[in-house]
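Tertiary structure, described
Each chain is listed here by its residues.
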Amino acid sequence: MTKSKPWISLSGIGLFAVLLLAVAPLVLTDHWLNNLGKYCCWAIAAVGIGLAWGRGGMLVMGQGVFFALGAYSMAMHLTLETAGDRIPGFMVLYDPLAPLPVFWEPFRSTGFTLLAIVLLPVLLASSLGYALFKRRVKGAYFAILTQALAVALATLISSTIRETGGDTGLSDFKYFFGFVLNDPANKRMVYLIAAALLIVCLFAVWQLYRSRFGELLVATRDAEERVRFLGYDPANVKLVAFVVSALMASIGGAMFVPIVGIITPAEIGAAASILMIAGVAFGGRASLFGPALGAIAVGWGQSSLGSTWPDGWTYILGLLFIVVILFLPNGLSSLPARFTAARRSPDRQPAPAIVAAELEEARP
Amino acid sequence: MSTTSKRLRTLTAMGAVGTTVLVLAGCGARAGDETAGSRTSAAPSCVDTSGDTIKLGFLNSLTGGMAISEKTVSNVLHMGADEINAAGGILGKKIAYVQEDGATDWPTFAEKTEKLLTQDCVAAIFGGWTSSSRKAVKPVVEKHNGLFFYPVQYEGLESSPNIYYTGATTNQQIIPAMDFLASRGVKKLFLAGSDYVFPRTANAIIKLYAAKLGIEIVGEEYVPLDKDDWTSQVAKIVAAKPDFIFNTINGSSNVGFIKAYYDAGLTAGTTPIISVSIAEEEAPAMGHEVTGHYASWNYFQSLKTDTNPKFIESWKAYPNSSGVTSDPMEAAYISLYLYKALVEAAGSFDVDAVNAAAKKNTITFDAPEGKVTLDGDNHHISKPGHIGQINSNNQFDIAWASDKFIEPDPYLESYDWFPADIRKQLVDAAG
Amino acid sequence: MDALIAPLLNGSAQGALLLLAALGLSLTFGQMGVINMAHGEFLMIGAFTAYLVQQVIASSDLSIPVALPVALVVAGLFGLLLEVTVIQWMYRRPLDTLLVTVGVSLILRQAALQIFPSQGVPVEKPGWLDGQLNILGYEWPLRQLFSILLAAVCVAALAAWLKYTSFGRRIRATVHNRDLAETSGISTRTVDRLTFFAGSGLAGVAGVAASLIGGTNSQMGVQYIIAAFLVVAAGGIGQLKGTIIAAWAVGVTLSYFAYWTTGSLAQVLAFILVIVFLQLRPQGLVTVRTRSLV
């Protein structure tokens, strides 16, 4: 991996921050600012996917699971905050006499909720990742396993209607940690928090990429056996990347709830998890800004093109997958590099590295 | 680069970002400070009534799993709008509709509702199918004080000043169906449903009423909405030996259920099914296996009313027609005309004026199912109860009809078997 | 007795359908390393083919047997088209085939929604599948026996094709050592195309079977794809024997869980069991010894 000068990345993050935190609130209507907030949540998850998949070579197809942990932790807290002393309305519907499910109780506490948003994905990802990476599960197996996990969790939530709200999901939150959510000023604040978290995640990932760990991660992706022979345990390297990406998905999920105002199993299932991948692939899986920009672009496409031309949007999304993966495996962010590389030296493209790693994985 | 300087830089950057956020935020309303919060914060309506057109929003899933059902509703709304425009529009203004795709995704329904209300500035929104989509729309229309017309039968126990329900509530569909079963002398009933809010709630109500009617519930099965395979559950039905099945399955899963049922040797002759989600639209996809079973609806294509032939004819002539009419389609058709009647009674497109006009309880419409009256308090309409039996042309022969129109009672207040404490809790939770 | 026998028999039939859906995958995924997420939509193509055949041959007694080979060819041709236009450029990037085919599946699904009536179309079951077979007191639907027989025939045909025909030998040679096979004069391009044709065609056959069980509509493929991939992975890549056992086991497990708990919970439990199994035995049930390092 070529190393660009730090000030380029840093000023990129700075530009991103100015655009999201200062320019966007000034030029966008409340509705579009809120939509941008939603895309930012997906972008936070996408940054994590970029780390695990782009740099680590692990195709995480079940990020919905971790998105769900953050989202449902937050949603349970907000539901309880709205309901006050009463049992949430949807529970009354199915069994008016039963008490609040036990696992809901701790989410009354703000501290526990925030801790859960961070700790739950870390715990799940480390135990799952440990088992998988130590046994050298990778490539397509890893992808399908994580995807199956997302399907299983979405089905579980759909079928536990009294405990989780089922297919309808959790919605109608009135307050966000004491702030009235209907107030446009508070909605802007929630947006700003999400945007700021995205910047923080970008910054954190940039630091990771520049560190020794980042180099080890790319080395593991490109030649796992060589890393092993050099005395490192590739499983540990992958584990860290996987856990960080899970944490980011969870943070994205947690912010999704106050911004969108509803969370349902469909937002975490197979299709949603794949849509998160779409943004990353589109923007450029291995680049710093690609995943976030791609996620925002796909989100925007869904809101605007999906609106004016719903049938067409599905075709466009399908074609996007095909064309980008086929012709631009490193996404749109590789376009400028390709352009300059073609002019200067043709050997600066990172693409062949990915190819080598996947070829290795394809062999049974 | 040394680690300390790196860390220092990280901290500075994060600190800067954090401060920015706090400076920019922190001016909104807090809990308890309700004057600045909730209702009053709804921006004044941006609906433009100055021109000679009025904007309405149609919100249906045109992609994803529910497009199977919702595309037709969208088409019938277009037909209704064309009809109204040809007859001079609403208050002399032609309808200019904005069609949005809910994409079978409940957060998308919420997002598009907000878009329709605040960006397109529509006067009212029509659409939705699943209860989940309605529950996603509800907080948004309430927040922006908009109007939403929902055209599908549902589980009741809900009311909102911003929603009008033109499909049946439980006492217009589920309860008539149970009365029909009781009149047939059914003693053992099996409940089969999809795993989501409507079947779960409907079955909770069915169980309460069954106890009163002396009908024993011999089993209850749920399968996820997107699963077609019912063989395991049908094996349980065979073992439970019920007299009748109450079917609250929705969508394509019904096809799998009906096929597995037929395969197991259960027929309409021995153990009939009564469904609340199989209509003229759905029946053809199930083949001959569904013939002879029952469905409870308010409208059937085979109904002999004055207005029905015209409705069927216009639909058959409509470009995107599927050729048959069904209850949800008719309810969607009603919703447009009901809105027209409401606006014309109010003399205004203003939401509060429309609601005030509704309160007079004088709004009626000569619907294909008969003359329906709007209940201004609960925003539902009176409907006739009908049970139809599916014939080999996938049309319904009327097997039972209520003797008069049934007044809507979403909270089942006139039914003593529905526990008052549950009702109170539900109303409290909703408020 | 019913409580024990019924889930076993129904589960076997469910497993047979799963096996039919997974067979094609075990060819394309197992032998070629291509992860075809549009496999479920090829199944859908098979089901719609059954419907279209019924429009020509009105008698369902006849149309279903005719539809089986036709669906094989139609879905196979779609697969061939996919291979020639997209997949053939991607053999060096197997993981990316997964994402490309996700795009293909989105397009196929939306196209089906627009071409056919949105509610789906009816596929009539042949009259000779009406009725039940009494097994130890349980009235077992004949249609389920049909699923099992169809799966058995497909497995036997596939096994024989791979083992005894020269095409089959060429496929196996290519899988074992692509370079050597090429050096020996085998056109690996032809082999790839043929394998993909056969794999997709099998999905078409599975689609005909699925059209007799559930609805034939644009969304039908979605419910099979993940389960089918899990079966292939649990069985061991490229191992027919393993795929068969895994499909049967998953089907029966699903059915027993559905009998004891609810349909939704059964789905969750079966998936989690497979995931746990794969954590314990990532190489699947049946493994081949390879000399490769990884």
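Residues numbered from 1 in each chain as written. Chains lettered and ligands numbered in written order. Predicted model: local features only at pLDDT ≥ 70, side-chain atom pairs only at ≥ 80, totals over all residues. Heavy atoms only, no water.

1. Some points on the overall build of chain C
Looking only at helices and strands, chain C features 11 helices and two strands. Each helix (α) and strand (β) of chain C, taken in turn from the N terminus, gives the series α-α-α-α-β-β-α-α-α-α-α-α-α. Against the globule reference of 19 Å for 294 residues, chain C gives a C-alpha radius of gyration of 19 Å, in line with a compact fold. By the burial criterion, 62% of the 294 residues in chain C qualify as buried. (Helix = DSSP H or I, 4+ residues; strand = E, 2+ residues; numbered from the N terminus. Rg over C-alpha atoms; globule rule 2.2 N^0.38 Å. Buried < 20%, exposed > 50% of the residue type's maximum accessible area, 1.4 Å probe, protein only.)

2. Section: the overall build of chain A
Each helix and strand in chain A was counted, giving 16 helices and four strands. Scaling as 2.2 N^0.38, a compact globule of 364 residues should have a C-alpha radius of gyration of about 21 Å, and chain A matches this with 21 Å. Projected onto its principal axes, the C-alpha coordinates of chain A cover approximately 70 × 50 × 40 Å. Every one of the 364 residues in chain A was classed for burial, and the buried ones make up 64%. Across chain A, contacts joining residues at least 24 apart in sequence account for 79% of those joining residues at least 6 apart. Averaging the locations of the 26 positively and 20 negatively charged side chains of chain A gives two centres separated by 11 Å. (Contact = heavy atoms within 4.5 Å. Lys, Arg positive; Asp, Glu negative; His and termini not counted. Charge placed at Lys NZ, Arg CZ, Asp CG, Glu CD.)

3. Quick word on the state of the cysteines
This model, assessed by the stated rule, comprises one disulfide over all chains. The side chain of cysteine 46 of chain B participates in a disulfide bridge whose partner is cysteine 121 of chain B; the two sulfur atoms lie 1.9 Å from each other. An S-S torsion of about -105 degrees defines the bridge between cysteine 46 of chain B and cysteine 121 of chain B as left-handed. Here cysteine 121 of chain B lies in the loop between α3 (106–118) and β3 (125–127) and cysteine 46 of chain B lies in the loop between α1 (3–24) and β1 (53–60), a separation of 75 residues in the sequence. For cysteine 46 of chain B, a relative accessible area of 35% puts it in the partly exposed group. Looking at the unpaired cysteine 40 of chain A, the closest cysteine sulfur is the one in cysteine 41 of chain A, lying at 7.0 Å. Note on cysteine 40 of chain A: relative accessible area 0%, which makes it buried. Of all cysteine sulfurs, the one in cysteine 41 of chain A lies closest to cysteine 201 of chain A, which takes part in no disulfide; the gap is 11 Å. (Disulfide = S-S within 2.5 Å.)

4. Here we look at the nonpolar core
If you look at the biggest cluster of nonpolar residues, it comprises 351 residues, and the most contacted ones within it are Leu198 of chain A together with Phe246, Phe257 and Tyr339 of chain B. The biggest single contributor to this core is helix α11 (residues 234–260) of chain A, with 16 residues. Apart from the residues lying within four places of it in its own chain, the contact partners of leucine 198 of chain A are Phe16, Leu20, Cys40, Ala43, Ile44, Val47, Ala292 and Ile296 of chain A. Listed in part, the seven residues of the second largest apolar core include Ile5, Ala6, Tyr138 and Tyr259 of chain C. (Core = buried A, V, L, I, M, F, W, Y, C linked by side-chain atoms within 4.5 Å.)

5. Some remarks on the interface of chain B and chain C
Counting residues at the interface gives 40 residues for chain B, matched by 38 residues for chain C. When the area that chain B buries against chain C is broken down by residue, the three leading residues are Ile68, Lys259 and Asp263 of chain B, summing to 20%. Seen at the junction of chain B and chain C, the total is two salt bridges. One salt bridge connects lysine 125 of chain C with aspartate 263 of chain B, and the closest N-O pair in it is separated by 2.3 Å. Linking chain B with chain C are 20 residue pairs in polar contact (both at pLDDT 80 or more). When grouped by side-chain class, the residues that make up the side of chain B that touches chain C number 14 nonpolar, 13 polar and 13 charged. (Buried area = accessible area lost by both parts, 1.4 Å probe. Salt bridge = Lys/Arg side-chain N within 4 Å of Asp/Glu carboxyl O. Polar contact = N/O pair within 3.5 Å; in protein donor to acceptor, adjacent residues only side chain to side chain. Nonpolar A, V, L, I, M, F, W, Y, C, P; charged D, E, K, R; others polar.)

6. Things to note about the sheet that holds strand β15 (residues 396–401) of chain B
In a beta sheet, neighbouring strands pair by backbone hydrogen bonds and run either parallel or antiparallel. All names here are of chain B. On the basis of which strands lie adjacent, the open sheet formed by seven strands has the order β7-β6-β8-β9-β10-β14-β15 and mixed pairing. In this open sheet, the two strands that pair with only one neighbour each are β7 (216–223) and β15. For this sheet, the mean inter-axis angle between neighbouring strands, taken without regard to orientation, is 25 degrees. Of the strand pairs in this sheet, strand β10 (residues 294–297) and strand β14 (residues 386–390) are connected by four bridges, and their pairing is antiparallel. Each bridged residue has a counterpart across the sheet, and for tyrosine 294 the counterpart in β14 is glutamine 389. The strands touched by helix α8 (residues 253–263) within the sheet are β6 (188–194), β7, β8 (244–248) and β9 (273–275), with β8 carrying the most contacts at an inclination of about 165 degrees. (Pairing = 2+ DSSP bridges. Axes fitted to C-alpha atoms, helices over the stretch in contact; angles between N-to-C directions.)

7. Describing the side chain of arginine 423 of chain B
Residues and elements named next belong to chain B. Position of arginine 423 relative to the elements: it lies in helix α12 (residues 420–430). Within the structure, the side chain of arginine 423 is placed 2.8 Å from the backbone oxygen of leucine 412, a separation counted as a polar contact. Setting aside anything within four residues of it in sequence, one finds arginine 423 in contact with Tyr411, Leu412, Glu413, Tyr415 and Phe418.

8. Thoughts on the UniProt feature "transmembrane region" (unreviewed entry) in chain A
The sites that UniProt annotates as "transmembrane region" (unreviewed entry) are residues 6–29, 36–54, 60–80, 112–133, 189–209, 239–263, 275–300 and 312–335 of chain A. The span residues 60–80 of chain A carries 86% helix and 0% strand; its end-to-end C-alpha distance comes to 32 Å. (UniProt positions renumbered as here; feature names shortened; annotations may be inferred.)

9. Details of the environment of valine 324 of chain A
Residue and element names in this part refer to chain A. The residue valine 324 is located in helix α14 (residues 310–327) in this model. On the accessibility criterion, valine 324 (7% relative accessible area) is buried. Residues valine 324 and phenylalanine 282, 42 residues apart in the sequence, show an inter-C-alpha distance of 6.2 Å. Each residue touching valine 324, except ones within four places of it in the same chain, is listed here: Ala281, Phe282, Leu319, Pro329 and Gly331.

10. Quick look at the UniProt feature "transmembrane region" (unreviewed entry) in chain C
Residues and elements named next belong to chain C. Here, the residues flagged by UniProt with the feature "transmembrane region" (unreviewed entry) are residues 12–30, 42–60, 66–86, 98–116, 144–162, 194–213, 225–250 and 257–280. Annotated as residues 12–30, this span is 100% helix and 0% strand, and its ends, taken at the C-alpha atoms, are 23 Å apart. For the annotated span residues 98–116, helix accounts for 95% and strand for 0% of the residues, and the straight-line distance between the end C-alpha atoms is 27 Å.

11. Brief notes about the interface of chain B and chain A
Counting from both sides, the interface comprises 56 residues of chain B and, opposite them, 56 residues of chain A. Carbon and sulfur atoms make up 60% of the surface buried where chain B meets chain A, a total of about 4,700 Å² over both sides. Across the contact surface, chain B and chain A share one salt bridge. Note that glutamate 111 of chain B is salt-bridged to lysine 38 of chain A, the shortest N-O span being 2.3 Å. The tally of links between chain B and chain A comes to eight residue pairs in polar contact (both at pLDDT 80 or more). Here the residues of the side of chain B that touches chain A sort into 25 nonpolar, 13 polar and 18 charged.

12. What about the confidence of the model for chain C?
Note that predicted coordinates carrying low pLDDT should not be read in detail. All names here are of chain C. Across chain C, pLDDT averages 90, with 97% of residues at or above 70. Ranking the elements of chain C by mean pLDDT puts helix α6 (residues 166–176) last with 85 and helix α2 (residues 39–56) first with 97. Residue range residues 290–294 is modelled with pLDDT below 50. Its contacts to residues more than four positions away, or to other chains, number eight contacts. (pLDDT = per-residue confidence, 0-100.)

13. Description of the pairing of β15 of chain B
Residue and element names in this part refer to chain B. Sheet topology note: the β14/β15 ladder contains five bridges and is antiparallel. Bridging from a neighbouring strand, isoleucine 390 pairs with phenylalanine 396 of β15. Linking two consecutive strands that pair antiparallel, namely β14 and β15, is a turn of five residues; a positive phi of about 60 degrees is found at asparagine 394 within it.

14. Thoughts on the pattern of salt bridges
Enumeration over the complete set of coordinates arrives at 35 salt bridges over all chains. With its nearest N and O atoms 3.2 Å apart, the salt bridge here joins lysine 238 of chain A to glutamate 224 of chain A. Taken as a pair, lysine 238 of chain A in helix α11 and glutamate 224 of chain A in helix α10 (residues 224–229) lie far apart in primary sequence, 14 residues in all. Glutamate 224 of chain A gets classed as buried once you look at its relative accessible area, which sits at 6%. Measuring nitrogen to oxygen at the nearest pair gives 2.8 Å for the salt bridge that ties glutamate 158 of chain B to arginine 134 of chain B.

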